[in-house]
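# Coordinate analysis (summary)
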Amino acid sequence: MKITEQVEDPFRKQTNALCYFININENPKWLVNIHGRLAETLKQIIKNTEWNEGEIRIINTHGLIIADRIILVGLGNKKKLKSDTVRNTSGKLVKEIQHIGLNEYTVIIPEDFNEILIQSVVEGAELSTYNFNKYKTNKKKIPELFILGHNKNINTIIDKAKKINSGVIFARDIANLPPNDCTPSTMAKISETLTNDKLKCRILSKNYIKKQNLNGIMSVGMGSKNEPKLIFLEYNLKKNRKPIIIIGKAVTFDTGGISLKPSEKLDEMKFDKCGGCVVLGIMKSVSELELPISIVGVIPTVENMPGGSSYRPGDIIKMYNGKMAEIINTDAEGRLILSDAISYSEKKYSPNSIIDFATLTGACIVALGTNVAGFVANDSYLATKLNESAERSDEDIWRLPLNDDYMNMIKSDIADIKNTGPKGSAGTITAAAFLAYSISNNTPWAHVDIAGTAWTQPSTKCRSYNSKGATGFGVRLMIDYLINTEVKN
Ligand SMILES: [Zn+2]
């Protein structure tokens, strides 16, 4: 989306639509600059409309000012104004602009909007025009947005928002790819496109994965002819500086393996790569924003298929960290590939912290629904900082407990651990417990289960900026975290 900042007088601006936000019971100051019949009409409309969140009125100016139309957009109660209200409303506005077929529009930023609200205008506008149209012949036109505002940093804010959007859109675009067009090799090829002076990409292929005894990744991947990969994206690595590690599960298609899933909604299992796509989106934004941090994105990627060479329920696998794991269910594969990625990264990079994203458990939807991601952490500072970022970015997360009782629930009778806990009992936490066994040096670690939030599902709340399909949930959260959290090296 083309977005341009201008410092023009709105009433001298030649535009299809001059758009103003308006709160409940607001008496807009700019009205004094409009006279005669148009002023009377506007006053009447303002008085007779409630201005709830997203309520839109379009007024033709009939040549009484230079702009063709004035569009008023409700923001609801000013006291309850959140950045998400602005993001959602800005999105509704651009959808209306597309609906009436305008190719450009102008948004006036209210004087009292702070940086976060201005950023939300840009996020809402651009993310709401997102449409996965790679496989469509008719593509919807995206209008150009002009922004008029008073904040002297407005250009910097727009630029920052655009670079965050770029990561979200990248994550969505890859996550929405159908499984026949996105195998583990495709994930690797896409990762390579991010390479630049500061960002290096290393890819471990099947033979190396086998040689390194990354048996969790190897076992899950061996049922498919599309071979597994382990991807590393190293950004700004420096000697004597511990990097942050972000890991994302990328099962490009999850049939469940020998523990085959039922066919209902099986097509949605292309979204089992969303964790890895979020990592790609984060790395793209980090690199475009040139953040002054060291960070490594790690993506274990496999296709989980049933076949003659698949791993089986009953198998016992020696994980990379040496733990023996009994396989109870081959559909609980995410924790196996993540566990290896966690242990390997912890050993190789001695990181500052590890945060992983995964569409890991259906149990997370049972517990929290489809608008809040579950998370566990072994470190309260990390948990607090993630919660603060969730609050600012409106990507909601909720911390779940993880204590020895849960760790004991996945102990196996015949091996060290098993890959599922007791049926119907804290499935999200026992999955996290499996991952917790992979941390050996007390590295601060958080695991975010995005099974409910990674793509839109029937119970997903309606937000203009989330189009159908992948949401890119986690990119805005993590970029906020990486910008605002002082990383103690
Ligand atoms: Zn699975």
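Residues numbered from 1 in each chain as written. Predicted model: local features only at pLDDT ≥ 70, side-chain atom pairs only at ≥ 80, totals over all residues.

To continue, consider helix 3 (residues 115-128). The end-to-end C-alpha distance of helix 3, which contains 14 residues, comes to 20 Å, matching closely the 20 Å that a straight helix rising 1.5 Å per residue would cover. Most of helix 3 is tucked away: twelve of the 14 residues are buried. All buried positions along helix 3 are accounted for by Leu117, Ile118, Gln119, Ser120, Val121, Val122, Glu123, Gly124, Ala125, Glu126, Leu127 and Ser128. Where helix 3 is buried, its residues meet strand 1 (3-6), helix 2 (83-100), strand 5 (104-108), strand 6 (144-148) and helix 4 (154-175). (Helix = DSSP H or I, 4+ residues; strand = E, 2+ residues; numbered from the N terminus. Expected span 1.5 Å × (residues − 1). Buried ≥ 20, exposed ≤ 12 C-beta atoms within 10 Å, placed from the backbone. Contact = placed C-beta atoms within 7 Å.)

Before going further, it helps to spend a moment on unusual backbone geometry. We note that Asp394 has phi near 60°; this positive angle belongs to a residue other than glycine. Note on placement: Asp394 falls in the loop between helix 11 (380-393) and strand 16 (397-399). Using a count of 19 C-beta atoms within 10 Å as the deciding quantity, one classes Asp394 as partly exposed. Backbone geometry at Asn442 places phi at a positive 55°, although glycine is not the residue there. Its place among the elements puts Asn442 in the loop between helix 13 (427-436) and strand 18 (445-449).

Take the sheet that holds strand 12 (residues 316-318) next. Overall, mixed pairing links the three strands, which are arranged 12-13-17 in an open sheet. At either margin of the open sheet sits one strand with a lone partner, and together these are strand 12 and strand 17 (417-418). Summarising the sheet, strand 12 and strand 13 (residues 324-326) pair through three bridges and their orientation is antiparallel. Bridge assignment links Lys318 to a residue of strand 13, and that residue is Met324. (Pairing = 2+ DSSP bridges.)

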